[in-house]
Amino acid sequence: MTYHTTQTNASERGFTLVELAIVMIIIGLLIGGILKGQELIGNARVSSSVTQLKAVEAAINTFKDKYAALPGDMNNASTRLPGCTVAVCNVNGNGDGLVQTTGGDLGAIQATPVAGNESSIFAHLAAASLLTGSVQPTQAWSLQTSYPDFNLGGKIRFGYVPNATAQTGQVAAANFQGGHYMAVGNGGGTALTTAEFAAGDLGNIDRKLDDGQPNTGSVYVVGVAACASGTGAADTYSEQANPKACGLYVRALN
């Protein structure tokens, strides 16, 4: 009688349930760490954007204190600001205390600075050494280079908006309170109806700067209607759907 002995090589063994469980735990921890890291990065970008908006407002206030005029509105910028003798920087405003841009609508395309369109704001700040970055006082006018880059993407604009003036893409135009505003929109300088920010990110900015409501206070959402649940004071940001088609108006100097 012949006996056969079957041997299993170690290399042919499968994973035990314990080993599989350990592997799944490790994978879960890695995925959780990646997701948490992405969340932390997103929160950091939002926080840096809030800091940037505050810095722009501080620069405008500093300019006003130093020159007794607002950038863009200054009526003698070409003689008072260093290096402001060429390009967009030497376009003077009318000195009425309001930075008035095209039609009082920051969501519209901003045109080359001329009388009645005081879009030299950031060139004046750069000439006064109160703004660093891509905007230079000696540059020719350009929608791409005459506004500073926003940390979340796109551009920052600034100007005076009359009370209850309809704004391009404004969700709650009827509730809009007049004043000077910073507006964040897309990188191409076109209307804010094509803004590029997620509703959730802008909701976070609103909560850090204001009341967290898209249609009230000093921060307003702009963009397609999908950015907020409605146009009323009690409506909220559409953070569940989280469309990436929104912009913000942030009141400044008021």
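This section reports on the structure supplied with the text. (Residues numbered from 1 in each chain as written. Predicted model: local features only at pLDDT ≥ 70, side-chain atom pairs only at ≥ 80, totals over all residues. Heavy atoms only, no water.)

**Here's the deal with the pattern of salt bridges**
Consideration 1: Under the criterion given, the structure shown has two salt bridges.
Consideration 2: Salt-bridge contacts for Arg-207 lead to Glu-239; the nearest nitrogen and oxygen are separated by 3.0 Å. On the criterion of sequence distance, the pair formed by Arg-207 in helix H4 (residues 199-209) and Glu-239 in the loop between strand S4 (219-223) and strand S5 (244-252) is long-range, its members being 32 residues apart.
Consideration 3: Judged by its relative accessible area of 40%, Arg-207 is partly exposed. (Salt bridge = Lys/Arg side-chain N within 4 Å of Asp/Glu carboxyl O. Helix = DSSP H or I, 4+ residues; strand = E, 2+ residues; numbered from the N terminus. Buried < 20%, exposed > 50% of the residue type's maximum accessible area, 1.4 Å probe, protein only.)

**Considerations on the pairing of strand S2 (residues 179-185)**
Consideration 1: For S2, the buried fraction is high: seven of the seven residues fall into the buried class.
Consideration 2: Both strand S1 (residues 155-161) and S2 contribute to a ladder of seven bridges, which runs antiparallel. Residue pairing in the sheet places Gly-159 in a bridge with Tyr-181 of S2.
Consideration 3: Note that S2 and S5 share five bridges and pair antiparallel. In the strand pairing of S5, Tyr-181 is matched with Arg-251. (Pairing = 2+ DSSP bridges.)

**Quick word on the packing of aromatic side chains**
Consideration 1: Per the stated rule, a full pass over the model turns up five aromatic pairs.
Consideration 2: Both rings, one in Phe-63 and one in Tyr-67, keep their centres 4.7 Å apart while their planes meet at 40 degrees; by these two values the pair is tilted. Taken together, the residues Phe-63 and Tyr-67, both in helix H1 (residues 17-67) and four residues apart, mark about one turn of the helix. Just as Phe-63 is buried, Tyr-67 falls in that class too.
Consideration 3: On the numbers, 6.0 Å between centres and 45 degrees between planes, the contact of Tyr-181 with Tyr-249 is tilted. With Tyr-181 in strand S2 and Tyr-249 in strand S5, this residue pair connects regions lying 68 residues apart in the sequence.
Consideration 4: With relative accessibility at 0%, the residue Tyr-181 sits in the buried group.
Consideration 5: Residue class for Tyr-249 comes out buried when judged on its relative accessible area of 0%. (Phe/Tyr/Trp six-rings, centres within 6.5 Å; stacked < 30°, edge-to-face > 60°.)

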